[in-house]
Amino acid sequence: MKVIPLADRVLVKTAELEEKTKSGLFIPQTAQEKTQIGLITAVGDDKEAINVKVGQKIMYDKYAGTAVKVDGAEYLILKAKDILAVIED
């Protein structure tokens, strides 16, 4: 299935939750915090409002977007204004 966002929305593949701390301790699922980092997989057709491109890693607002599951993978549909920053590695 292919999802194409409309207008000023983007489709973001959410990053996997950290299961281990840097020191090696395992974090139970109930204590894991929701990630706020994802990868842009599709953009809407409002090119003036959207300042990101497919393939960019972004940070988004904690409570933003609509969660969807496509072919077993977790995605978010976000408005462009909910994107806080582009992350460069």
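Residues numbered from 1 in each chain as written. Predicted model: local features only at pLDDT ≥ 70, side-chain atom pairs only at ≥ 80, totals over all residues. Heavy atoms only, no water.

Asks: Give me the side chain of aspartate 82: which residues, what numbers.
Replies: By the element assignment, aspartate 82 lies in the loop between strand E5 (73–79) and strand E6 (83–87). The buried charged residue aspartate 82 lacks any salt bridge, with lysine 81 as its nearest oppositely charged partner at 5.5 Å. What aspartate 82 contacts, discounting residues up to four positions off in sequence, is Tyr60, Asp61, Ala64 and Gly65. (Helix = DSSP H or I, 4+ residues; strand = E, 2+ residues; numbered from the N terminus. Buried < 20%, exposed > 50% of the residue type's maximum accessible area, 1.4 Å probe, protein only. Lys, Arg positive; Asp, Glu negative; His and termini not counted. Salt bridge = Lys/Arg side-chain N within 4 Å of Asp/Glu carboxyl O. Contact = heavy atoms within 4.5 Å.)

Asks: Lay out the environment of tyrosine 60 with the relevant residues and their values.
Replies: In this structure, tyrosine 60 sits in strand E3 (residues 57–60). In the structure, tyrosine 60 is positioned 25 residues away from threonine 35 in sequence and 9.2 Å away in space, judged by C-alpha atoms. For tyrosine 60, the contacting residues outside a window of four places in its chain are Val12, Thr14, Thr35, Gln36, Ile37, Gly38, Leu76, Leu78, Asp82, Ile83 and Leu84.

Asks: Tell me about the pattern of salt bridges, residues and numbers included.
Replies: Under the criterion given, the structure shown has three salt bridges. The salt bridge involving lysine 57 is made with aspartate 89; its shortest N-O contact spans 3.7 Å. Taken together, the residues lysine 57 in strand E3 and aspartate 89 in the segment after E6 connect sequence positions 32 residues apart. Given a relative accessible area of 32%, lysine 57 falls into the partly exposed group. Residue classification places aspartate 89 among the exposed residues on the basis of a relative accessible area of 85%. When the shortest N-O distance is used, the salt bridge between lysine 69 and glutamate 74 registers 3.6 Å.

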